[in-house]
Amino acid sequence: MLKIKYENGGGTESIEYPSAAAFVANQRLEIPDLEDHYKIVEVTLDGKPVELKDKTIIGLYKKFDDETK
């Protein structure tokens, strides 16, 4: 389970995906769930923290997309 806590405007929201692959697939849609520029507060995959250099949705997308190549 991928859990993402992110800033949306003035508040903090969270969203879950069954896997990293499901998140990547959703971000490839014409209208994805999350905007690329949203700042990530915290992200975990199967209960373990995910380390990011770029703490944005696009940074998370690139990390998982690179890992599947």
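**A short note on the pairing of strand β2 (residues 11–17)**
Pairing of strand β1 (residues 2–8) with β2 involves seven bridges; the strand directions are antiparallel. The residue bridging Tyr6 from the neighbouring strand is Glu13, located in β2. Counted along the chain from β1 to the antiparallel partner β2, the turn is two residues long, and its residue Gly9 has a positive phi close to 70°.

**Considering helix α1 (residues 20–27)**
Taken together, the buried positions of α1 are Ala20, Phe23, Val24, Asn26 and Gln27. Across the axial projection of α1, the buried residues extend over an arc of 165°, all falling on one side. Looking at the buried positions of α1, the neighbouring elements they touch are β1, β2, β3 (39–45) and α2 (57–67).

**Focus: the side chain of Asn26**
Positionally, Asn26 belongs in helix α1. Relative accessible area serves as the criterion here: at 12%, Asn26 is assigned to the buried category. Setting aside chain neighbours within four positions, we find Asn26 in contact with Tyr17, Pro32 and Asp33.

**A few points about the environment of Asp65**
Looking at the secondary structure, you find Asp65 in helix α2. Judged by relative accessible area, Asp65 falls into the buried class, the value being 11%. Spatially, the C-alpha atom of Asp65 lies 6.8 Å from that of Val24, the residues being 41 residues apart in sequence. Those residues within four positions of Asp65 in sequence are excluded, and the remaining contacts are Val24 and Arg28. Polar contacts involving the side chain of Asp65 include one to the side chain of Arg28, which spans 2.5 Å.

Calculation notes
- Residues numbered from 1 in each chain as written.
- Predicted model: local features only at pLDDT ≥ 70, side-chain atom pairs only at ≥ 80, totals over all residues.
- Heavy atoms only, no water.
- Pairing = 2+ DSSP bridges.
- Helix = DSSP H or I, 4+ residues; strand = E, 2+ residues; numbered from the N terminus.
- Buried < 20%, exposed > 50% of the residue type's maximum accessible area, 1.4 Å probe, protein only.
- Arc of directions from axis to C-beta.
- Contact = heavy atoms within 4.5 Å.
- Polar contact = N/O pair within 3.5 Å; in protein donor to acceptor, adjacent residues only side chain to side chain.

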